[in-house]
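Below are the chains, spelled out letter by letter.
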Amino acid sequence: MISLKDVSKKFKTKLGTIIAVDDVNLDIKQGEIFGIIGYSGAGKSTMIRLLNGLEKPTAGQIIVNGKEITSINEEKLRQVRHKVSMIFQHFNLLWSRTVAENIAFPLEIAGVPKEQRLARVNELIELVGLEGRGNYYPSQLSGGQKQRVGIARALANRPEVLLCDEATSALDPETTDAILDLLVSINEKLGLTIVLITHEMQVIQKICNRVAVMEGGRVVEEGDVLEVFQNPQQPITKRFVSQVSEPTQTMQTIQNLLDIYPNGKLIKLTFVGEQTEQPILSRLIKQFELEVNIVQGNISHTKSGAFGTLILQIDGDALAVDEAIRFIHEQKVSTEVINND
Amino acid sequence: MINTLFPNVDWPKMWEAAFETLYMTAISTILTAIFGLALGLLLFLTSPHQAWANKLANWLTGAFVNIFRSIPFIILIILLIPFTKLLLDTIRGPNAAFPALVIGAAPFYARMVLIGLREIDKGVLEAARSMGAKTSTIILKVLLPESLPALVSGITVTCISLVGYTAMAGIIGAGGLGTLAFLDGFQRNRTDVTLMATILILILVFIIQWIGDMVTMKIDKR
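Thresholds, definitions, all that
- Residues numbered from 1 in each chain as written.
- Chains lettered and ligands numbered in written order.
- Predicted model: local features only at pLDDT ≥ 70, side-chain atom pairs only at ≥ 80, totals over all residues.
- UniProt positions renumbered as here; feature names shortened; annotations may be inferred.
- Helix = DSSP H or I, 4+ residues; strand = E, 2+ residues; numbered from the N terminus.
- Pairing = 2+ DSSP bridges.
- Expected span 1.5 Å × (residues − 1).
- Buried ≥ 20, exposed ≤ 12 C-beta atoms within 10 Å, placed from the backbone.
- pLDDT = per-residue confidence, 0-100.
- Domains from an automatic or database assignment.
- Contact = placed C-beta atoms within 7 Å.
- Nonpolar A, V, L, I, M, F, W, Y, C, P; charged D, E, K, R; others polar.
- Axes fitted to C-alpha atoms, helices over the stretch in contact; angles between N-to-C directions.

Asker: What exactly am I supposed to notice about the UniProt feature "transmembrane region" (unreviewed entry) in chain B here?
Answerer: UniProt annotation of "transmembrane region" (unreviewed entry) refers to residues 22-45, 57-84, 96-117, 162-183 and 195-212 of chain B when read in the numbering used here. The span residues 162-183 of chain B shows a helical share of 82% and a strand share of 0%, and its end C-alpha atoms are spaced 20 Å apart.

Asker: Explain the pairing of strand β2 (residues 16-28) of chain A to me, please; I cannot follow it from the model alone.
Answerer: Remember that side chains alternate between the two faces of the sheet whenever the strand is regular. Where strand β1 (residues 2-13) of chain A lies against β2(A), 9 bridges are found, and the strand directions are antiparallel. Each bridged residue has a counterpart across the sheet, and for Ser3(A) the counterpart in β2(A) is Asp27(A).

Asker: Can you help me understand helix α6 (residues 94-118) of chain B in this one?
Answerer: It helps to recall that an α-helix has 3.6 residues per turn; residues three or four apart then point in one direction. Counted at 1.5 Å a residue, the expected span for α6(B) with its 25 residues is 36 Å, and the 35 Å between its end C-alpha atoms agrees. The buried count for α6(B) comes to 19 of 25 residues, which makes it a mostly enclosed element.

Asker: For this particular structure, what's the right way to read the confidence of the model for chain B?
Answerer: Caution applies to low-pLDDT parts of the model: their predicted coordinates are not meant to be read in detail. When pLDDT is averaged along chain B, the result is 93; 100% of the residues meet or exceed 70. With pTM at 0.84, the complex prediction returns an ipTM value of 0.88.

Asker: I would appreciate a short explanation of the sheet that holds β2(A) in the present structure.
Answerer: Pairing between sheet strands relies on hydrogen bonds along the backbone, with the strands arranged either parallel or antiparallel. Read from one edge of the open sheet, 4 strands run β2-β1-β4-β5 (chain A), paired in antiparallel fashion. Because the sheet does not close on itself, it has two edges, and the strands there are β2 and β5 (67-68) of chain A.

Asker: It is not clear to me how the domain arrangement of chain A should be interpreted in this structure. Could you clarify?
Answerer: The figure often quoted for interface size is the accessible area lost as the parts come together. Residues and elements named next belong to chain A. Per the domain assignment, the segments of chain A are domain 1 (2-243) and domain 2 (249-338). Just the C-alpha atoms count here: the centres of domain 1 and domain 2 sit 39 Å apart. Residue-level contacts link 10 residues of domain 1 with 10 residues of domain 2. Elements with a contribution of two residues or more to the side of domain 1 that touches domain 2: α7 (201-207) and α8 (225-230). Here the side of domain 1 that touches domain 2 takes 4 residues from α8, the largest share from any one element. Each residue belonging to the side of domain 1 that touches domain 2 can be placed in one class, and the counts come to 5 nonpolar, 3 polar and 2 charged.

Asker: Where do I start with the interface of chain A and chain B in this structure?
Answerer: Across the contact, 19 residues belong to chain A and 18 residues belong to chain B. Among the secondary structure elements, those contributing two or more residues to the side of chain A that touches chain B are α2 (74-83), β6 (84-88) and α3 (99-109) of chain A. The element that contributes the greatest number of residues to the side of chain A that touches chain B is α2(A), accounting for 4 residues. Within the side of chain A that touches chain B, the residues separate by chemical class into 9 nonpolar, 8 polar and 2 charged.

Asker: Please explain the sheet that holds strand β11 (residues 265-272) of chain A as it appears in this structure.
Answerer: All names here are of chain A. In spatial order, the strands read β12-β13-β11-β14; together these 4 strands make up an open sheet with antiparallel pairing. At either end of the open sheet lies a strand with only one pairing partner, and these are β12 (291-302) and β14 (334-338). Neighbouring strand axes in the sheet, compared pairwise and without regard to direction, differ in orientation by 15° on average. Note: β12 against strand β13 (residues 305-315), 11 bridges, orientation antiparallel.

Asker: Explain unusual backbone geometry to me, please; I cannot follow it from the model alone.
Answerer: Peptide bonds are trans in most cases, and residues, glycine excluded, mostly fall at negative phi. All names here are of chain A. Of note in the backbone geometry, Phe91 takes a positive phi value of approximately 65° without being a glycine. Summarising the element assignment, Phe91 is placed in the loop between β6 and α3. The phi dihedral of Glu166 is positive, around 50°, even though this residue is not glycine. The exposure class assigned to Glu166 is buried, which follows from the 20 C-beta atoms found within 10 Å.

Asker: Mind showing me how you'd approach the UniProt feature "domain: ABC transporter" (unreviewed entry) in chain A here?
Answerer: Taking the numbering used here, the UniProt-annotated feature "domain: ABC transporter" (unreviewed entry) corresponds to residues 2-241 of chain A. End-to-end, the C-alpha atoms of residues 2-241 of chain A are 26 Å apart, and along that stretch the chain is 39% helix and 28% strand.

Structure below.
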């Protein structure tokens, strides 16, 4: 659906050249929800703007929906944009237009006749759950409602790709969940490809199939969300994964427990997918003569399965402890002994 | 009572002058709005990162605006006499005031248009571009509607300046309350005529400000 080949984007500023996107190769499949995560300044904003030609790459090729968008003229690019729409962190609605008029705007741009516009606007208002709000002005809506208008507006011309630029970053957690649910339902109902950028791992975890991690303009890690969660390679990815799997106070608790139980072993179990459903813990306790203490537990749900970490303190006969660790390994749960270093 | 306070005021003449002032203000405001908007849009669209980004065009427009905005109006009228004569074949009467009024006021309004356009959220412009909007669509459906309250309050201020300019144009014989106050009031030492002309101008200015504020408030949905 979308493919980037050796794409770079440099900005010339008074302070020198800034490389916002550095030699990126990506393939985004039809119908998937693809997340790009990175801290601010990682180049993800520039990256998503390359996908609809709002920014032109300095080098490389970008193919969207079978069209090479880097070399086509403005007129053709405008046609492409009818099928590759975008929603924004700050919604970017026109305050001078009502909800219905905002949603009708892209239809006006595409030259849709008035009758059809009205019908389509009503459909969209219903789709995003804003019935009865058609004649409101954006200033009369909450953040979540504004983003719903943004989504309805983006869907007006029946796009094939939806680009989400930090679409939930300005919303509170509850509204974020509602908007993410809406995006998933649109993805399933309309089969449209969604590319989103975010700095929140929760967003990736909740709705993405695949993820790319960006740092300093480069994609440093890429893969299925579950795999990345299970086995993060880069330090930055580990930091992002720990956002959702390990509350910050955990490491302190471990330190305390290491002090209190110098003889025991602290083991971090990482469950992925099916294993989460298995009663590993009860078997462990039944089979081995050990004291098992749960230090920290956290199960998160990603779109393709549950992901969890469990930190256990196992105390008892040294041999039995090693046996127990081997047993857990056999369950295909990744284990990590936490040491005092 | 009013005749004892203003013994020298020739009322039919006063009303005729008031009407001339109104006429000059109205027509020159419309023309100023058109030229000022065009200049302001040109200034905005040729600035860096905009649709027609062009350093030379931006510099030239900026220089034109700055030069004509800086020349004191009374001097501008005199400088424009040959131009007015060429354009209208006369330099007397209300119509002869229009070139100077518009050339004096349009650059002033263009600056206010530019300020209004710059206040539009960049994200909204980006959103319109992301939808595949042409520059003409962006001008008509985003730039103008989204800056409308600023454009209206700007033209209100400009219109009030134009009332003042018409009075100055009166000195060189454009007609209106300015001419009346100068010739009948000042030169013949009839203070009551000058005072009455002033009162009428004040009433006109208050009405313009009131209408401008009302319209601005009504269209602002932010």
